[in-house]
Amino acid sequence: MRIVNMFRMNIILLLMVNLSCDLAAKEYLIDSPQAYLDVAGNLSPGDTVKLKNGVWQDFEILLMGKGTESAPITLTAETKGQVILSGNSNLRLAGEYLVVSGLVFKNGYTPSSAVISFRRNKDEFAYHSRVTEVVIDNYNNPDKQESDYWVALYGRHNRLDHSHIVGKRNKGVTVAVRLNSENSQQNHHRIDHNYFGYRPTFGSNGGETLRIGTSHFSLTDSHTLVDNNFFEHTNGEVEIISIKSGKNILRNNVFYEARGTLTMRHGNGNIIEENVFLGNNVPHTGGIRVINRDQIIRNNYLEGLTGYRFGSGFTVMNGVPDSPINRYHQVDNAIIEHNTFLNVQHIHLAAGSDAERSAPPVNSVFRNNLVINDSHSHPFAIFDDISGISFSGNVSNRAVPASMQYGFAVNNIEMNNANSDMLGTALSPENAGATRRAPILKKQQTGVNWYPKTTAETAFNSGQQHHVKPHVNSLLSTLEQAKSGDILVLAPGTYIVPKLISIDKTLTLKAEHKGTVTLAFERTALFEIVDGGSLLLEKLTLSGQYSPDAAGNSVIRTKKWGLLHNYRFVMRQCDIEQLDVNHSFHFFTTGKGAFADNVELSENTFNGITGDILQLNSEIEDLGIYNAEYVTLHGNSFSQVQGAIIKLYRGGTDESTFGPHFTMTNNILKYSGKGKRNKQAASVYLHGVQVTDINNNTFTNSAPIVLEHTVGEPKSVIIGNQFHNTPAPEIRELRVNGPHTAIVEHNTFVSDDKR
Ligand code: CA
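Residues numbered from 1 in each chain as written. Predicted model: local features only at pLDDT ≥ 70, side-chain atom pairs only at ≥ 80, totals over all residues. Heavy atoms only, no water.

1. Considering the overall build of the protein chain
Let me state the cut-off plainly: Each helix is a run of H or I in the DSSP string that is no shorter than four residues. Each strand is a run of E no shorter than two, and both are numbered from the N terminus. Radius of gyration here is computed from C-alpha atoms only, and the compact-globule reference equals 2.2 Å multiplied by the residue count raised to the power 0.38. Partly exposed describes any residue whose relative accessible area lies between the buried limit of under 20% and the exposed limit of over 50%, with all areas from a 1.4 Å probe on protein chains only and scaled to the type maximum. Areas reported here follow the Shrake-Rupley algorithm with a probe of radius 1.4 Å; residue values treat only the protein chains shown as occluding.
Of the regular secondary structure elements, the protein chain holds three helices and 73 strands. Here the protein chain has a C-alpha radius of gyration of 29 Å; the compact-globule value for 755 residues is 27 Å, and the two agree. Counting across all 755 residues of the protein chain, residues that qualify as buried make up 58%. When the accessible surface of the protein chain is summed, it comes to about 29,900 Å², and 49% of that surface belongs to carbon and sulfur atoms.

Shown next as structure tokens:
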């Protein structure tokens, strides 16, 4: 009897303890930063702080406290998605078992080195803490070269999940796992179910989406699990993910039309499995790059990848013997098995072999992989001795190079896409290729469901059409009202524009018929492209006849300094004339810091111009920064242009970018490039351009092409051009000795000088 009573008493006590716990767990609805400070110093396990819906300006949040596994301390929004942190807001967490959710960072940028940091300062870190369902959208420092992280993970056992991270345009890794102190190492973080949306081409190093570690701590293990994340158009630079530590697992992530690769840059013993890379043949889409010891790459599915060299669909690098920690450690004991490579254009083995990187892969296996190419040839390129890679059980539908034939069966394989969730499993009797344990991740399974995953950029001509009446006020007011993607059709007539037109959205200006609409201007430029702006001009006549009588006018320019957004400029079937009121009247000039995704001039005529046509050379400090990714000149006619047709400059030795790319086809140049102010004395001046294709153009009485090769094994072809009273192209190798590497073929040279 007595025993029973004791038992009863204990139950009552337990109930009381529970009751007091519930009473202690408080919920606060906070409506000001001061109100937050009033409670923040005093949070107990189970407490929840809710921020009131609305816009919070310049709110630097510090969440500190010690929750428990069953009763964490929570900071969240009154309604998820309705709490906007803007201006100079940020978030730091320090303590244990903290959870943050539901916040949106936009319309501002962090005043500190990270938007969200899992530490208070260099001594106080977060552990067992979680940031979930948070949005960071275009929260960019207005100075593009000012570096910050959007999420910096410190401490141990932290998690970033179901967050939506899109539009990082300024310098710095989007999400960084830091190992720079002992209590951040062997950290066992998890990064999962996040949506990593558009990250535009940054235009130099520093545009990675995820980095785990740094070279300095790269022989330390991180044990970070990166799973079920969706990477869409994360195009910042060559490395989408840069692993720089050991024992990480990357599993079941999807890379969709993302330029760059998952690179095992430093650190050993990482596992890359069941990831899906879908390139859809977009340029520079890559897969996996292998460096260092004990890496396992298995059951990955890679399809439609076009990347080459270090950006290939699959790359195994050569190492540096006794490598310093920041160079390339030899590949040793790599296991590469059961991967499917479907229409992957390039698989490079022993890549980067040179005098320094002379240590080929050793003790490695490449087995049971499936390599299918619809094109006529296999994707392999071999740059050194690959006897240290043992091949077995692989299947290909094309004959492979002799040195690996012993490990391949050549079979006419058909892909079976019957179950698209599992992707093509091969009908291969040899059991080669990827198998999956789970269906492939869908975009909507990542991020949050209360914030739209919108497309990266507004396409030209995707909006409404406006008819502009034939006077300038109608033009200016329509420009004002138009929305991004809209088309302005100008009625026939001459428009003399009294002020600079600022382009801050995607717009098309066009005439119905060529030769019916003339735009002239009274300021130093007609159009200025600013953040958010892209411009397409069609069938217009652009005249400099009413421009100021001063040197240095231009028809179009970008903002003079510090453009944050990449832009596009396209012009087709326009006539450009009378850019000659004074000297150095340029057609297009770039400001410092401006970066074009695309500049295209097609079927235009340029006549009588005292400056340059495309001036894309404002980054002169040789920092690996440049002004345009793709430049295309097609079917234009240039006559009496005193400056250059193009000056495109990419200095520095960094190899983190794909561009610039320059294509010039079917153009006619007459009496161009020979003005005394054209310092380079070139009609086409290219420095450090990575891909150049100049074919089928006619140069008459013009200055030569000058092509300067710097880093990155540039690919240049100059084929099928006519040079009439024009010197041969000058090609200079500025960094490597020996003959130049450009292909210069089938050009004809004609001189009227009969001596
Ligand atoms: Ca990089």
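That covers the picture; the talk isn't over yet.
2. Focus: the sheet that holds strand 52 (residues 541-543)
Picture the strands of a sheet paired through backbone hydrogen bonds; they go either parallel or antiparallel. Basically, it comes down to this: At least two bridges found by DSSP between two strands are what make those strands a pair. Lines are fitted to the C-alpha atoms to define the axes, a helix being fitted only along its stretch in contact, and any angle between axes, read from their N-to-C directions, falls within 0 to 180 degrees. Any two residues having at least one pair of non-hydrogen atoms within 4.5 Å are treated as being in contact.
One open sheet accounts for 10 strands, arranged 46-49-52-55-58-61-64-67-70-73; its pairing is parallel. Edge positions in the sheet fall to strand 46 (493-497) and strand 73 (748-750), since each of these pairs with one other strand and no more. For this sheet, the mean angle separating the axes of adjacent strands, direction not counted, is 10°. Its contacts with the sheet place helix 3 (residues 472-481) against strand 46 and strand 49 (517-521), and it is angled at close to 65° to strand 46.

3. Topic: the pairing of strand 45 (residues 487-490)
Here is the rule we go by: Handedness of a crossover is defined as follows: orient the strands so they point away from the viewer, and if the path from the first strand over the helix to the second runs clockwise, the crossover is right-handed.
Residues Ile487 and Val489 point to one face of strand 45 and Leu488 and Leu490 to the other, with burial holding for every one of them. Two elements, strand 44 (residues 465-468) and strand 45, share four bridges in a ladder whose sense is parallel. The partner of Gln465 across the bridge, within strand 45, is Ile487. The parallel pair strand 44 and strand 45, bridged by helix 3, forms a crossover whose chirality is right-handed.

4. A look at the coordination of the calcium ion
Test applied: Metal coordination here is assigned from N, O and S atoms located within 2.8 Å of the ion, or within 3.2 Å for Na, K and Ca; omission of water means that sites may look incomplete.
Distances from the calcium ion to its protein donors, Asn205 (OD1), Glu208 (OE), Glu237 (OE), Glu237 (OE) and Glu239 (OE), fall within 2.4 to 2.8 Å. For Glu237, a relative accessible area of 2% puts it in the buried group.

5. Points about the nonpolar core
Note on soluble globular proteins: their nonpolar side chains tend to be buried together. The condition is simple: Nonpolar cores are built from buried Ala, Val, Leu, Ile, Met, Phe, Trp, Tyr and Cys residues. Side-chain atoms within 4.5 Å join them into one set. Domain segmentation is taken from an automatic or database assignment of domains.
Grouped together as the largest cluster of nonpolar side chains are 80 residues, with contacts concentrated most on Tyr36, Leu51, Leu75, Leu103, Phe105, Ile116 and Phe314. The element contributing the most residues to this core is helix 2 (residues 33-40), with four residues. Residues from two domains meet in this core; each of domain 1 (1-139) and domain 2 (177-450) gives at least three. Discounting chain neighbours no more than four positions away, the residues touching Leu103 are Leu51, Leu75, Thr76, Ala77, Val83, Leu85, Glu133, Val134, Val135 and Trp450. Within the second largest apolar cluster, 68 residues are counted, among which are Ala511, Val599, Ile646 and Ile718.

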